[in-house]
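Examination of the molecular architecture
Read off the chains here:
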Amino acid sequence: YENMNNLYQRIWAYSESNFTFDLSFDLFQGKLYSSAYISSWEVHTSQHEHYKHCLLVKAKCPSDGCNVKMLKQNLGQHIKEECQFKKQPQPIMEIGDAQLADVVEEITMLEITSYDGTYFWAIENYERRLQDAVAGRSLFINSPPFYMCQFGYKVRARVYLNGDGMGKGTHLSLFFVVMRGAYDALLPWPFQQKVSFKLINQTGGQHVIDSFRPDPNSSSFQRPTSNMNIASGCPLFVPKSMVHSRGHIKDGTVFIKIAVETNGLPIY
């Protein structure tokens, strides 16, 4: 009994520091067992797998010398367009690196493909990025590209934190971009789906919402012949002052929901 009890105590101490198992010792039958072994392990494994692939957890930029941390969904774009510490490819490797970047982008898009036409875009470090926009260092930010449904249009959003066109200097301008995608041959053109933008109020207040229907005669909504079409959208989406004063920024991050109507699209 004493030997078994000591064994139980050692296993219990180990389990408390390493696992979430509910270990029990049956003194009458002399059996050591875990009443929740399978379910606890399954939950632990499920959470671990989700965390590894979740795009809404923060990760550090892998470039040596760069200490930026951001949501995984924005990390690829940071490395490609913003990181000052990324390694410049040697000329002999340029083609290989470009191909690798394309593969990484395609994998990322598969992970964030929408199945109902909606996509949540987290824009981190809002104040710093706004200062960059005001100073002219970085006029706009592109969202990661995504497919609006499983075999749908490839699109992205673009935001000018210091405004563009009629909204320059006074408004946050928000635009929609149709990109060349893998399924364009299966889709109707020009693009005619209703597009809605929503700036999320993170304090329970009123969201900022705007929407538009594409002009079928605009070059912005024809089938792309290059990587992406000209952006089109809402230059007066929301006054800059309202973004700061109405609870849309929390922990330095704003969230924008992009919703694209999927009615009428072909189903294969």
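Here, the structure is the one placed above.
Read on for a plain summary of the structure. (Residues numbered from 1 in each chain as written. Predicted model: local features only at pLDDT ≥ 70, side-chain atom pairs only at ≥ 80, totals over all residues. Heavy atoms only, no water.)

**Remarks on helix H3 (residues 72-82)**
- Within H3, the full set of buried residues consists of Gln73, Asn74, Leu75, Gln77 and His78.
- If you follow the buried residues of H3, they end up packed against strand E3 (58-60), strand E4 (69-71), strand E5 (118-123) and strand E6 (141-142). (Buried < 20%, exposed > 50% of the residue type's maximum accessible area, 1.4 Å probe, protein only. Helix = DSSP H or I, 4+ residues; strand = E, 2+ residues; numbered from the N terminus. Contact = heavy atoms within 4.5 Å.)

**Examining the packing of aromatic side chains**
- Across all of its chains, the model carries 12 aromatic pairs by this definition.
- Pairing Phe151 with Tyr183 gives two aromatic rings, centres 5.3 Å apart and planes at 90 degrees, and the pair type is edge-to-face. Here Phe151, found in the loop between strand E7 (146-147) and strand E8 (154-160), pairs with Tyr183, found in the loop between strand E9 (171-179) and strand E10 (195-199); they are 32 residues apart in sequence, far enough to count as distant.
- When the centroid spacing of 5.1 Å and the interplanar angle of 85 degrees are considered together, the rings of Tyr153 and Trp189 count as edge-to-face. Of this pair, Tyr153 sits in the loop between E7 and E8 while Trp189 is found in the loop between E9 and E10, placing the two residues 36 residues apart along the sequence. (Phe/Tyr/Trp six-rings, centres within 6.5 Å; stacked < 30°, edge-to-face > 60°.)

**Comments concerning helix H5 (residues 126-135)**
- Listing the buried residues of H5 in full gives Tyr126, Arg129, Leu130, Asp132 and Ala133. Buried positions in H5, seen along its axis, are confined to an arc of 160 degrees and lie on one side of it. Exposed and facing more than 90 degrees away from the buried side of H5 are Gln131 and Val134.
- Residue Gly136 follows H5 closely and has a positive phi angle near 85 degrees. (Arc of directions from axis to C-beta.)

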